[in-house]
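So you can see what is in the structure, the chains are spelled out below.
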Amino acid sequence: MANIGVIGAGSWGTALALLLDKNGHAVTEWSHRPEEAEELSRTREHKSKLPGVKLPETMRFTGDLEEAVTGKEVLIMAVPSTAVRSTAAKIRPYLTKGQIVVDVAKGIEENTLMTLSQQIEEELPDADVAVLSGPSHAEEVGRGLPTSVVVGAKTRETAEYLQGLFMNEVFRVYTSPDMLGMELGGSLKNVIALAAGIADGLGYGDNAKAALITRGIHEISRLGVEMGGAIESFTGLTGVGDLIVTCASVHSRNRKAGYLIGQGRTMQEAMDEVKMVVEGVFSTKAAVKLGKKYGVDMPIVEQVNAVLFEGKDAAEAVNDLMMRSGKPEHTAKPWS
Ligand SMILES: NC(=O)C1=CN([C@@H]2O[C@H](COP(=O)(O)OP(=O)(O)OC[C@H]3O[C@@H](n4cnc5c(N)ncnc54)[C@H](OP(=O)(O)O)[C@@H]3O)[C@@H](O)[C@H]2O)C=CC1
Ligand SMILES: O=C(CO)COP(=O)(O)O
């Protein structure tokens, strides 16, 4: 049994807190709104984010960050990507050397182009930082439906320790040393999911969706490998696995936001309607910058950026993708 602090009381933090509680760990979940912590404690349900999922009496909720951090062997960082750095900075006074901090959020910082684990390491130099990622919607994990993810860490020892904490008969956990590849896959897939949602919203069919998923992972892996990630992370659960779930699922926040944009809503209207964090919106500009920095052509990402931030018409963006000059699918096997 481990003492675990879950930092962030949205849908993902709450689903993981419940999973860890079911695995027999002592879990304290922190909300940045003390009144929300009090309500979760009293009602034993997250009515807005995970309706119908009972949160047992064994789970503790707090609005006090010191209480959530002190004495915990493991902290799960489950706030939106844009709040990861500031939340890590707030944790710093309470953190003790060697505490494990597992980032489960997905994003890239726009001005520094740093991954979330890199930001946490900068703010919490005494922490042993790890990541958990893969195709895993909170709505399904909360209901105990079978899910497989990957834990990435600097050492095999930490990765296998975390694997043991999370793993159960409905939650299968693989390990990986490739934190960079995992994090790039997890954050860039959200941009492609916006594109897939836009195509759905425009009324395009399965052919367009399949093309976006396939060419999307091509884009992600070309950049990711150039940056030092392993190709296996992009063809695995944290790459194509997560891309499939987010482009296909009714639960996906990014796909839903894209759908609404394809239907004619503005980016802000779509985000307001989804009500939960739409990480792809925050990762798009970073993805464009990374493509330029590493000299990798990212046509889908660029069109999403133009629709979100430059007022480009969504149908015109798809048309521009279709009308690019003819190319080989890949260059892995040249003609002799
Ligand atoms: N939901 C899912 O299925 C999955 C989500 N993720 C990732 O996990 C991360 C969290 O997502 P998710 O739980 O869905 O998000 P939600 O939108 O469900 O919840 C976000 C939570 O963070 C809180 N919050 C907002 N701003 C701050 C802040 N500045 N400091 C602290 N807390 C803050 C929100 O509070 P308030 O209610 O006050 O706004 C809310 O409780 C994202 O990066 C997402 O991509 C990863 C895998 C699966
Ligand atoms: O990353 C996620 C699932 O793995 C959650 O993001 P979406 O809700 O946009 O799919």
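Residues numbered from 1 in each chain as written. Chains lettered and ligands numbered in written order. Predicted model: local features only at pLDDT ≥ 70, side-chain atom pairs only at ≥ 80, totals over all residues. Heavy atoms only, no water.

## Overview of the side chain of K209
And step 1. When you line up the elements, K209 lands in helix α9 (residues 206–227).
And step 2. You can call K209 buried: its relative accessible area is 15%.
And step 3. One polar contact links the side chain of K209 to the main-chain carbonyl oxygen of C247, over a distance of 3.1 Å.
And step 4. Look past the residues within four positions of K209 in its chain and what remains in contact with it is A196, D200, C247 and A248. (Helix = DSSP H or I, 4+ residues; strand = E, 2+ residues; numbered from the N terminus. Buried < 20%, exposed > 50% of the residue type's maximum accessible area, 1.4 Å probe, protein only. Polar contact = N/O pair within 3.5 Å; in protein donor to acceptor, adjacent residues only side chain to side chain. Contact = heavy atoms within 4.5 Å.)

## A few points about the site of ligand 2
And step 1. The environment of ligand 2 is formed by K106, G134, P135, S136, H137, K189, D242, T246, H251, S252, R253 and N254.
And step 2. In the model, an oxygen atom of ligand 2 is placed 2.6 Å from a nitrogen or oxygen of the T246 side chain.
And step 3. Starting from 300 Å² of accessible surface for ligand 2 in isolation, the protein chains cover 90%.
And step 4. Elements supplying a minimum of two residues to the shell around ligand 2: α11 (237–248) and α12 (253–262).
And step 5. Residue classes in the shell around ligand 2 are distributed as one nonpolar, seven polar and four charged.
And step 6. Two domains each provide a minimum of three residues to the shell around ligand 2, namely domain 1 (3–177) and domain 2 (181–322). (Near = heavy atom within 4 Å. Areas by Shrake-Rupley, 256 points an atom, 1.4 Å probe, with all protein chains shown as cover. Nonpolar A, V, L, I, M, F, W, Y, C, P; charged D, E, K, R; others polar. Domains from an automatic or database assignment.)

## Some points on the domain arrangement of the protein
And step 1. Taken domain by domain, the protein holds domain 1 (3–177) and domain 2 (181–322).
And step 2. Domain 1 and domain 2 are separated by 25 Å when their C-alpha centres are compared.
And step 3. Listed by partner, the interface residues are 31 residues for domain 1 and 29 residues for domain 2.
And step 4. Taken together, both faces of the contact between domain 1 and domain 2 bury some 2400 Å²; the carbon and sulfur share is 64%.
And step 5. Taken together, the links from domain 1 to domain 2 amount to three salt bridges. (Buried area = accessible area lost by both parts, 1.4 Å probe. Salt bridge = Lys/Arg side-chain N within 4 Å of Asp/Glu carboxyl O.)

## Quick look at the pattern of salt bridges
Side-chain pairing between opposite charges can occur once the charged atoms of the two side chains come close.
And step 1. Under the counting rule described, the total for this entry stands at 19 salt bridges.
And step 2. Here E110 makes a salt bridge to K289, at a shortest N to O gap of 3.8 Å. Linking E110 in the loop between β5 (100–103) and α5 (116–123) with K289 in helix α14 (residues 279–293), this pair joins segments that are 179 residues apart in sequence.
And step 3. The salt bridge partner of K154 is E121, with a shortest N-O separation of 2.3 Å. Residue K154 is located in the loop between β7 (147–152) and α7 (156–166), and its partner E121 is located in helix α5; the two are separated by 33 residues in the primary sequence.

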